[in-house]
Amino acid sequence: PVCSLLEVGDVTIMLDCGWDIEFDEALLKPLESIVNKVDLVLISHADLEHIGGIPYAVGHLGLKAPIFATLPTLKMGQMAVYDAHQNRNLETDGKFNTF
């Protein structure tokens with residue numbers, strides 16, 4: 001995933017927490033070892049590659065750090081993650097059944 005770990009003094013910042021459209025849990029597995037060290041998360045973009053892994057990290061990996069983003073990034077990111085999840089669940093035969 002698109003994710004960077006910044007350590008500034010005693011503060012550990014996770015910059016973004018992305019995922020891909022396949023929602024492959026193995027991509028987020030490396031976060032298990034650092035999730036408890038993260039003091040805050042800073043989201044830079046509202047696309048799946050930058051914000052898509054946040055729900056999984058919070059719900060399954062126990063990420064408890066506060067998450068910061070601009071209001072537009074938050075709202076557009078919520079829509080992007082929801083849309084990707086819905087499309088993935090509607091997928092049949094390897095193709096999106098949009099229309």
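To be clear, the structure that these remarks concern was listed above.
Conventions used here
Residues numbered from 1 in each chain as written. Predicted model: local features only at pLDDT ≥ 70, side-chain atom pairs only at ≥ 80, totals over all residues. Heavy atoms only, no water. Helix = DSSP H or I, 4+ residues; strand = E, 2+ residues; numbered from the N terminus. Polar contact = N/O pair within 3.5 Å; in protein donor to acceptor, adjacent residues only side chain to side chain. Contact = heavy atoms within 4.5 Å. Phe/Tyr/Trp six-rings, centres within 6.5 Å; stacked < 30°, edge-to-face > 60°. Buried < 20%, exposed > 50% of the residue type's maximum accessible area, 1.4 Å probe, protein only. Pairing = 2+ DSSP bridges.

So, about the side chain of T73. If you trace the backbone, T73 turns up in helix α3 (residues 71-90). Side chain to side chain, T73 and T70 meet in a polar contact 2.8 Å long. Sequence-distant contacts of T73, that is, excluding residues within four places in its chain, are made with I43, S44, H45, A46 and I51.

Glancing now at the packing of aromatic side chains. As enumerated under the stated definition, the model contains two aromatic pairs in all. Note on W19 and F23: the rings are 5.3 Å apart at their centroids and 90 degrees apart in plane angle, and the pair reads as edge-to-face. For W19, a relative accessible area of 9% corresponds to the buried category. A relative accessible area of 18% means that F23 is categorised as buried.

In this section: the sheet that holds strand β1 (residues 4-8). Spatially, four strands are ordered β1-β2-β3-β4 in an open sheet, and the strand pairing comes out mixed. This sheet does not close on itself; its edge strands, each paired only once, are β1 and β4 (67-68). In this sheet, strand β3 (residues 40-42) lies alongside strand β2 (residues 11-15) in parallel orientation, the contact comprising three bridges. Looking at the pairing, I13 lines up with L40 of β3.

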